[in-house]
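The chain contents come next:
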Amino acid sequence: MKRSARFETGKRVLAFRRLAMLLVCCAMGCQDPPAAKPAATANTAGATVAEAGPGAAVSAQRSAEAAWFDDVTSDSGINFVHVSGDSPDKPFPAANGSGLGMLDYDLDGWQDLLFLTGTSIPVEVNRQEPRNRIFRNRGALQFEDVTSESGLGHAGYSAGLAVGDFNSDGFPDVYVTSYGINPLFLNRGDGTFAEVGAAAGVALNQWGTSAACLDFDNDGLLDLYVCNYGKWSPETNPYCGDQVRGVRVFCSPRSIEPVHDVLYRNLGDGRFENVTAAMGLAEVAGRAQGVVAADFNNDGWTDLYVGNDLHANFLFLNRDGVQFESAGERMGAAYDYVGNMQASMGVDAADVNGDGWLDLFATNFEDEHNAYYENLRGEFFDEVAHQRGLARESLPWVGWGTLFADFDLDRRLDLIVVNGHVDNNRRELGQDSPYQQPPLVWKNAGSRFEFLGAAAGKYFESRWCARGLSVGDLDNDGAVDVVIGHQDAAPALLHNRNRTRAASRVVQLRLVGTRSNRDAVGSRLVAGESNATPQVRIIRGGGSYLSAHDLRQVLVTDANEPLNVEVHWTNGRHHTLEGLRPGHQYVVIEPNLTETTPRVFQQGRLP
């Protein structure tokens, strides 16, 4: 089929941009070389960084500024410890770890925390520990373990999760991906969950990783996309490393045969239908690790972006809810800026520059920069991590969980990435690949990002072996907090210190769908002010790595100035909310068939 003139024009634009970047780099003496790795530290969780890492100069400049985050884990009441299942046999699922999720499971207005864990392999069916654990948020950053009474203490090998109201009863349900059978936990509304995976038709028995809720056919019901990594078993696990010296490491992803992901359509009666083949998704396989669901070409239909391990990343464009088109390679979102395949783990989507089009981000393995794709009006993506200041600091590390959020409440979306190697014994092979690695935070400064380094807080002064990452407002103060999962260690709760701005500048919104899906996944908020770049926030499905997030959105205005916000629902309707007051939390309910305007309720005040 002949390519369109528009496609060829886009190719020429991208080629010109890349040539220009190369010429500028050469003219400046190529001043952005690959970052050198700091000296390796001891193999313990939370090891202090021995030498200044990438971005140390920027961190020094900001040393006098207030840190963004405080680590409040020790006083939170959370005593969960993750188990990877790593052993001398190096079972591959243990390398990839487990995720975590934020959800208000009891609808008391506070985000609770669900932590997933692995277990030793082979997995014993009747094993009781270790198990997933849920902690109820009691307020004031205090949590209590309610695992036993909730029924969420699954004891298989859990990897990721998707949280969504699949039966539209107002309570969030939980789908857990596993190495093994994936359970679906239906929220009964009384603080307990019932496991209904087999009855619902979603008890997939493969090697699941991330998952995402989405309403791909816009019928008002949440569907489910499940990432699968590949075919692996303990019986076929090869020896990789140095057998003579007895140093065994995890094998390359190339040793794993990839399998296709799975898409389930919600039938609305408690059951799901596997529509993977019917929607054109059974023809591609790629060792999927992360997924985010959102509308990337602004046609009103939710698309999918999938990060794959040593395989081209997938961009699936939704064609009117009846077919997905694989468009990643054609649109420039499959490889890095020179066409190299990368080993992607975490992914996210956001309108970073406020132009009305969602951009993409993917974390990658060491010696591969994290990739940032700017959306060229739904036709192409330009991989510009180097130009935007997001490449250099990421090169030495293995990236996993990631998310865009306005951490410092300045209207711009900042970025966080957590890192950690898969092997804890690479030094025995003479390789400078530390197991614990520093987390990274960038401040959005407009046309470029500024790397904060240790200036983000004491947690960022140390190294960790991290995997999952979730963001949300844990103490209802209007500032976005962060929770990070660590391999074979306790998690980290990072409290956002920028909360002092929230009372006079932040409007927090929770959308409730009626004709759209109940969680309003796929909806978009736009706050435009004179002489300011519009703030665009999306209710994404999935995002990060193996994790789920607070669906409430934060918008920022001038001190004590009311804010007007456009709400774009997934069914194509849109409304303007006028005069929202900063320092308040609002619930916005979509108009039903007999209503013309949303119902807006003030839920509370920010402290």
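Note that the structure is a prediction, hence the values are computed from the model and not measured. (Residues numbered from 1 in each chain as written. Predicted model: local features only at pLDDT ≥ 70, side-chain atom pairs only at ≥ 80, totals over all residues. Heavy atoms only, no water.)

A. Representation of the state of the cysteines within the structure. Under the defined criterion, the tally for this structure stands at one disulfide. The disulfide bridge from C240 ends at C251, spanning 2.0 Å between sulfur atoms. Where C240 bonds to C251 through sulfur, the torsion about that S-S bond is close to 100°, and the disulfide is right-handed. A residue pair is termed long-range when its members are at least 10 positions apart, and C240 in the loop between β12 (223-228) and β13 (241-242) and C251 in the loop between β14 (247-248) and β15 (262-266) qualify at eleven residues. Look at C251 and you get buried, because its relative accessible area is 7%. (Disulfide = S-S within 2.5 Å. Helix = DSSP H or I, 4+ residues; strand = E, 2+ residues; numbered from the N terminus. Buried < 20%, exposed > 50% of the residue type's maximum accessible area, 1.4 Å probe, protein only.)

B. Structural detail: the environment of Y586. Here Y586 shows up in strand β40 (residues 584-589). Residue classification places Y586 among the buried positions, given a relative accessible area of 7%. For Y586, the side chain forms a polar contact with the main-chain nitrogen of R581, separated by 3.0 Å. (Polar contact = N/O pair within 3.5 Å; in protein donor to acceptor, adjacent residues only side chain to side chain.)

C. The packing of aromatic side chains, seen in detail. Enumeration according to the criterion identifies 24 aromatic pairs in this entry. Pairing W207 with Y229 gives two aromatic rings, centres 4.6 Å apart and planes at 45°, and the pair type is tilted. Of the two residues, W207 sits in strand β11 (residues 205-214) while Y229 sits in the loop between β12 and β13, which places them 22 residues apart along the sequence. Taking 5.4 Å as the distance between ring centres and 85° as the angle between the ring planes, the aromatic pair formed by Y459 and F460 counts as edge-to-face. By the burial criterion, Y459 is buried, and F460 matches it. The ring centre of W400 lies 4.1 Å from the NZ or CZ of R467, which sits over that ring. (Phe/Tyr/Trp six-rings, centres within 6.5 Å; stacked < 30°, edge-to-face > 60°. Lys NZ or Arg CZ within 6 Å of the ring centre and 35° of its normal.)

D. Fine view of the sheet that holds strand β23 (residues 371-376). The sheet built from four strands is open, its strands ordered β21-β22-β23-β24 with antiparallel pairing. The strands lining the two open edges of the sheet, one partner per strand, are β21 (344-350) and β24 (380-383). Ignoring strand direction, the axes of neighbouring strands in this sheet form an average angle of 25°. For strand β22 (residues 359-364) and β23, the ladder comprises three bridges, and the chain directions are antiparallel. Residue pairing in the sheet places A362 in a bridge with A371 of β23. (Pairing = 2+ DSSP bridges. Axes fitted to C-alpha atoms, helices over the stretch in contact; angles between N-to-C directions.)

E. Just the pairing of β23, in detail. Of all six residues that make up β23, five are buried, and the element is covered over most of its length. In this antiparallel pair of consecutive strands, β22 and β23, the connection spans six residues, and D367 shows a positive phi of 65°. With four bridges connecting them, β23 and β24 associate as antiparallel partners. Within β24, the position partnered with E374 by the bridge is D382. Joining the antiparallel neighbours β23 and β24 is a turn of three residues, in which R377 adopts a positive phi near 55°.

F. Region of interest: the environment of A66. Secondary-structure assignment places A66 in the loop between α2 (56-61) and β2 (69-71). It is 7.9 Å that separates the C-alpha atoms of A66 and A455, two residues lying 389 residues apart in sequence.

G. Structural context of the pattern of salt bridges. Under the defined criterion, the tally for this structure stands at 24 salt bridges. Ionic pairing is found between R426 and D423, a salt bridge with its closest N-O pair at 2.8 Å. Using a relative accessible area of 17% as the deciding quantity, one classes R426 as buried. Sharing partners across several salt bridges, the network here consists of D106, D108, R136 and E144. (Salt bridge = Lys/Arg side-chain N within 4 Å of Asp/Glu carboxyl O.)

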